[in-house]
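Descriptive analysis of the structure
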Amino acid sequence: MSERDQEVNLRQRLSGLSRLPLLRGARVSGEADRIEKQLERLKADTSDETIWLSVELARHPERPYTLDYVARIVDDWVELHGDRSRADDGALVTGLGRIDGRTVALIGHQKGRDVKERLDHQFGMAYPEGYHKAMRIMEIAERFQFPLVSLVDTPGAYPGVAAEQHGQGGAIARSQTAMARLTVPTVACIIGEGGSGGAVAIAVSDRVLMQENAIYSVITPEGCAAILWRDAGEAKKAAAAFKPDALHCLDLGVIDAIVPEPVGGAQTDHDEAARLLKSGLVEALEELEDTPGEELRRTRRAKFRGMGVSA
């Protein structure tokens, strides 16, 4: 087992321990302390090259996208198009289907493989119309009490002038608000790039998962480097500074669990990557399904309001 696999395994075990009730006589806290010490030793060995490898794998052109996963893990898929106002944004895919026999509403970014697809899907960067479409599926999920699944894979929301003219910032804020108000179970997974508000707009979820080689950050490494060093070529240095990889995101508490990938990355075996992702989604949904709606909403709001707040 590689050091990275070992660290993922330890963090998953620690995450599981944190959910156990502290029964009298159980030595849960002692086991947690032991795992924390192991993690500290491994953390000291995490190199800048390892972090940059996650950036490269998250962006790999053969990495599975939302529709690749939908084809493998969602039955009876019906895609829903358009925001019922202006347009059908190709960067965000929405629809209804069944995962492991459970009807779900699904939202996901789609990047595209060839030049035509990438242009049609805007490289996974949504206009405001895309977030309006996402809010439409959120309303359907709430109305019919379907769990909501989000698959996040975007460098960020579309940065063009037209997007700003259409109200990009407001659309992202309203999408986050709509998710925070839902009374149905919500699970998000970062499956590639989780960039800035474009990602968070559909990831205000009860459980936020992250594939092993995905990245999640407030800005791209290139954008950060351009601001700090006025040189996008310093992207590797920026990534090493703010650590957008899954292990550090779990350590920060912005995600709840890491979904393992096939050896070498999800792009090496789409079927196995889909199986592992499905397992993570089903486990999270089962964990949430008996929780009352009002409690889900209250806990979700407290979770996101508490991020970054010191004890």
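Here's what I pulled together on the structure shown here. (Residues numbered from 1 in each chain as written. Predicted model: local features only at pLDDT ≥ 70, side-chain atom pairs only at ≥ 80, totals over all residues. Heavy atoms only, no water.)

Digging into the overall build of the protein
Within the protein, the regular secondary structure consists of 14 helices and eight strands. When burial is assessed residue by residue, the protein has 50% of its 311 residues classed as buried. Partitioning the contacts of the protein with sequence separation of at least 6, the portion at a separation of at least 24 is 73%. Entry remark: accessible area of the protein is about 14600 Å², with carbon and sulfur atoms responsible for 52%. (Helix = DSSP H or I, 4+ residues; strand = E, 2+ residues; numbered from the N terminus. Buried < 20%, exposed > 50% of the residue type's maximum accessible area, 1.4 Å probe, protein only. Contact = heavy atoms within 4.5 Å. Areas by Shrake-Rupley, 256 points an atom, 1.4 Å probe, with all protein chains shown as cover.)

Some points on the packing of aromatic side chains
Applying the stated criterion across every chain, the model contains one aromatic pair. Looking at R113, its charged tip hangs above the ring of Y65, at a distance of 4.0 Å from the centre. Just above the ring of W229 sits the side chain of K237; from NZ or CZ to the centre is 4.8 Å. (Phe/Tyr/Trp six-rings, centres within 6.5 Å; stacked < 30°, edge-to-face > 60°. Lys NZ or Arg CZ within 6 Å of the ring centre and 35° of its normal.)

Considerations on the environment of A225
Looking at the secondary structure, you find A225 in helix α10 (residues 221-228). Setting aside anything within four residues of it in sequence, one finds A225 in contact with R230, D231, A232, E234, A235 and A238.

Describing helix α14 (residues 293-305)
Within an α-helix, residues lying three or four positions from one another point in the same direction, as the helix has 3.6 residues per turn. The end-to-end C-alpha distance of α14 is 18 Å, a good match for the 18 Å that 13 residues give at a rise of 1.5 Å each. Where α14 is concerned, the buried positions are G293, L296 and R300. Looking straight down α14, one finds its buried side chains confined to an arc of 55 degrees; they lie on one side. With respect to the buried face of α14, the exposed residues turned more than 90 degrees away are R298, A302 and R305. Buried residues along α14 sit in contact with α8 (168-181), β5 (186-195) and α13 (270-288). (Expected span 1.5 Å × (residues − 1). Arc of directions from axis to C-beta.)

Remarks on the packing of helix α4 (residues 66-73) against α13
Where α4 meets α13, the closest approach of the two axes is 9 Å, and the angle between their N-to-C directions is 75 degrees. On the basis of their axis angle, the class for α4 and α13 is roughly perpendicular. Across from D68, Y69, R72 and I73 in α4, the residues of α13 making contact are H270, D271, A273, A274, L277, K278 and L281. For the contact of α4 with α13, the per-class residue count stands at six nonpolar, one polar and four charged. (Axes fitted to C-alpha atoms, helices over the stretch in contact; angles between N-to-C directions. Parallel < 35°, antiparallel > 145°, perpendicular 65-115°, else oblique. Nonpolar A, V, L, I, M, F, W, Y, C, P; charged D, E, K, R; others polar.)

Some points on the pattern of salt bridges
Inspection of every chain in the model, using the stated rule, returns 15 salt bridges. In this structure, D68 engages R113 in a salt bridge whose closest nitrogen and oxygen atoms are separated by 2.6 Å. On the criterion of sequence distance, the pair formed by D68 in helix α4 and R113 in the loop between β3 (102-109) and α5 (115-120) is long-range, its members being 45 residues apart. Each of R59, K111, D153, E193 and E222 takes part in one network of salt bridges that share partners. (Salt bridge = Lys/Arg side-chain N within 4 Å of Asp/Glu carboxyl O.)

Topic: a nonpolar patch on the surface
Residues V115, L119 and F123 make up a contiguous nonpolar surface patch of about 320 Å² in total accessible area. With respect to the helices, strands and loops of the structure, V115 is situated in helix α5. The exposure class assigned to V115 is exposed, which follows from its relative accessible area of 60%. (Patch = residues over 30% accessible without salt bridge, like charges linked within 9 Å, V, L, I, M, F, W, Y side chains within 5 Å.)

Points about the nonpolar core
Formed by 39 residues in total, the largest nonpolar core has its most connected members in I107, Y131, M138, L148, M210, Y216 and I255. Sorting the residues of this core by element identifies β3, α6 (128-144), β4 (148-154), α8, β5, β6 (207-211) and α12 (246-252) as the ones contributing at least two each. The biggest single contributor to this core is α6, with seven residues. Here Y216 is in contact with I190, G194, A199, V200, A203, V208, M210, P244, C249, V254 and I255, once residues within four sequence places are set aside. (Core = buried A, V, L, I, M, F, W, Y, C linked by side-chain atoms within 4.5 Å.)

Description of the side chain of S205
Within the secondary structure, S205 is located in the loop between α9 (196-200) and β6. Judged by its relative accessible area of 0%, S205 falls in the buried class.

Remarks on unusual backbone geometry
For S196, which is not glycine, the phi dihedral falls at a positive 55 degrees. With respect to the helices and strands, S196 occurs in helix α9.

A look at the pairing of β5
Regular strands have side chains that alternate between both faces of the sheet. Among the 10 residues of β5, 10 are classified as buried, and the element is accordingly described as predominantly covered. One ladder, built from six bridges, connects β4 with β5; its direction is parallel. Directly across from V152, in β5, lies its bridge partner I190. With four bridges connecting them, β5 and β6 associate as parallel partners. By the bridge assignment for β6, V187 is matched with R207. (Pairing = 2+ DSSP bridges.)

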